Amino acid sequence: MIVNERSVPLPLLQREALLQRIIKSHSRHKDIEKELINWKTGFAGEKNVDYYLSYLPDEPYRIINDLRLKNKNTFQIDSYILSQMFGLVLEIRNITGTLFFDKNTNGVIRTYKDIEEGIPNPLTQAKRHKRQLMNWKMMHKITSMPIEYLVVFSRNSTILKTNPGNEHIFEHMIYAENLEEKVAQIAAKYQSPILKGKAINKLTDYLLSERIPSYPEILKTYSIPKSDILPGVQCPNCKAIPMIRVSAAWYCSWCRSYSKDAHIQTVRDYFLLMNAPLTVKEFQEFLLIEQRGVAKNLPHSLNLPSTGKKRTTQYFLHPDCILSPLKENARGKRGINE
Ligand SMILES: [Zn+2]
């Protein structure tokens, strides 16, 4: 049973928002564009693996996606499959070309279109995540159980090679389409249940509740000052910035279209990029609103969680909520601590 759907990674959304709000000739534009492609490729690979994960029988498996936990450092497991007898860490990769796993250096060389480059070894990463999860479970006094790991390549066109005599490493690597069979093979090794009765559901709920949301400070990542970010409401039709507030709507003077709710995406952009609460003053400045009255009422109508009153009101958006589209008056008013 898949217990949580995989959501679009926040770093991907942040890069999308950032590219919309810096000028094309910005010194970091190309880097961000390149990294956005990597994030999109990775996410597409994960979604492809989700398709094969959906074929696993509901019982006895619990599948937790994007399991992000914290020991000393935070670590994120792409998918964690839990059964009564064992846990299985999946490290998902979407890579084009040929990968050579070098026994002598433990490095991985990727060859694509005759260009060779060293890439992080996904097996090393999968093993590290397994260790980190075992330590985390120990710290949280959770009954120990065997944890297995697998690197899953989302496409069959990734060619895998290694030195002669080192083929045993492929025990821990599969193509996505073989996932169901491989999980059954692993399951056959274990006979006695460790998580009896409702214990598997309890542990699943506990893991879900302990997840740490990721909310990177994207401007810091690229050393981009706030002053480089273009303010203004973006036109949903032609993507131009800014639209103008005209009688309870937004007007785009480039494509001459109107929008009632174009400010919603702009508020989302603010939270994606600024990592800070939104005050009426900032709302007014970021959306380029002339009348303070409009700047006061609009964020209020979005029902964002808030603290303070009147002039001191600060609006927040929990990273998890950035992922789901904001709707006017669709959300109940919630305090920041809820
Ligand atoms: Zn427009």
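Numbers given to residues run from 1 along each chain, matching the order in which its sequence is written. Totals for whole chains, interfaces and linings use all residues, but because this is a predicted model, local features are given only for residues with pLDDT of at least 70 and pairs of side-chain atoms are given and counted only at 80 or more. Only hydrogens and water are set aside; all other atoms, that is, all heavy atoms of the structure, feed into the side-chain values.

Looking at the element boundaries, arginine 110 is found in strand β5 (residues 108–112). Between N or O atoms, a polar contact is any pair within 3.5 Å; within protein, one atom must be a potential hydrogen donor and the other a potential acceptor, and residues adjacent in sequence are included only when both atoms are from side chains. A polar side-chain atom of arginine 110 sits 3.0 Å from the main-chain carbonyl oxygen of threonine 96. Ignoring anything within four residues of it in the chain, the contact list for arginine 110 reads Ile95, Thr96, Thr98, Leu99, Ile115, Glu116, Glu117 and Ile119. Elements are defined by DSSP. Helices are runs of H or I of four residues or more, strands are runs of E of two residues or more, and each kind is numbered from the N terminus. Two residues form a contact once any of their heavy atoms are found within 4.5 Å.

Let us look at the coordination of the zinc ion. Note: metal donors comprise N, O and S atoms at 2.8 Å or less from the metal (3.2 Å for Na, K and Ca); water molecules are not included, so apparent gaps in a site are possible. Protein coordination of the zinc ion is provided by Cys235 (SG), Cys238 (SG), Cys252 (SG) and Cys255 (SG), with donor distances spanning 2.2 to 2.4 Å. Geometry is assigned from the angles between donors: four donors with all angles from 85 to 135 degrees make a tetrahedral site, four or six donors whose opposite pairs exceed 155 degrees while the rest stay between 65 and 115 make square planar or octahedral sites respectively, and everything else is labelled irregular. For the zinc ion, the four donor atoms are set out with angles of 106 to 115 degrees between them, so the coordination reads as tetrahedral. In primary sequence terms, the donor set of the zinc ion follows C-x2-C-x13-C-x2-C. Accessible area is worked out with a 1.4 Å probe on protein chains only. A residue is then buried under 20% of its type maximum, exposed over 50%, and partly exposed in between. Look at cysteine 235 and you get buried, because its relative accessible area is 1%.

Our focus in this paragraph is helix α1 (residues 10–20). α1 sits mainly inside the fold: nine of its 11 residues count as buried. Every buried residue of α1 is accounted for by Leu10, Pro11, Leu12, Leu13, Gln14, Arg15, Ala17, Leu18 and Leu19.

This part takes up a positive patch on the surface. Like-charged residues are merged into a patch within 9 Å and nonpolar side chains (Val, Leu, Ile, Met, Phe, Trp, Tyr) within 5 Å, provided each residue has over 30% relative accessible area and no salt bridge. To measure how exposed things are, a 1.4 Å probe is used in the Shrake-Rupley method; for residues, cover is taken only from the protein chains shown. The salt bridge criterion pairs a side-chain nitrogen of Lys or Arg with a carboxyl oxygen of Asp or Glu, the two atoms within 4 Å. Lys and Arg are tallied as positive, Asp and Glu as negative. Neither His nor the chain termini are counted. Positions of charges follow a simple convention, taking NZ of Lys, CZ of Arg, CG of Asp or CD of Glu. On the surface, Arg292, Lys296, Lys309, Lys310 and Arg311 cluster together into a positively charged patch. With respect to the secondary-structure elements, arginine 311 resides in the loop between β14 (306–307) and β15 (314–315).

With that out of the way, let us pick up helix α3 (residues 122–139). Expected span of a helix: the number of residues minus one, times 1.5 Å. Between its terminal C-alpha atoms α3 stretches 26 Å, which fits the 26 Å expected from 18 residues at 1.5 Å a residue. For α3, the set of buried residues is Pro122, Leu123, Gln125, Ala126, His129, Gln132, Leu133, Trp136 and Lys137. A side-chain oxygen of the first residue of α3 lies 2.9 Å from the backbone nitrogen of leucine 123; this N-cap is asparagine 121. Just past α3, the residue lysine 141 takes up positive phi, approximately 55 degrees.

Viewed as axis vectors pointing N to C, α1 and helix α2 (residues 29–53) meet at an angle of 145 degrees, and their least axial separation amounts to 9 Å. Crossing of α1 against α2: the hand is left-handed. On the side of α1, the interface is formed by Pro11, Leu12, Arg15, Glu16, Leu18 and Leu19, while α2 contributes His29, Ile32, Glu33, Glu35, Leu36, Trp39, Lys40 and Phe43. Gly is put with the polar residues, along with every residue not named as nonpolar or charged; the nonpolar set is Ala, Val, Leu, Ile, Met, Phe, Trp, Tyr, Cys and Pro, and the charged set is Asp, Glu, Lys and Arg. Looking at side-chain class alone, the contact of α1 with α2 contains eight nonpolar, one polar and five charged residues. A fitted line through C-alpha atoms serves as each axis, taken over the contacting stretch for helices, and the angle formed by two N-to-C directions is quoted from 0 to 180°. Here a crossing is called left-handed whenever its near helix is offset anticlockwise from the far helix by less than a right angle, and right-handed whenever the offset is clockwise.

The next thing to look at is the side chain of serine 83. Along the chain, serine 83 turns up in the loop between β2 (74–82) and β3 (87–93). Engagement of the side chain of serine 83 in a polar contact is seen with the backbone nitrogen of methionine 85, the distance being 3.0 Å. Dropping the residues within four chain positions of it, serine 83 is found in contact with Pro60, Tyr61, Met145, Leu195 and Ile200.

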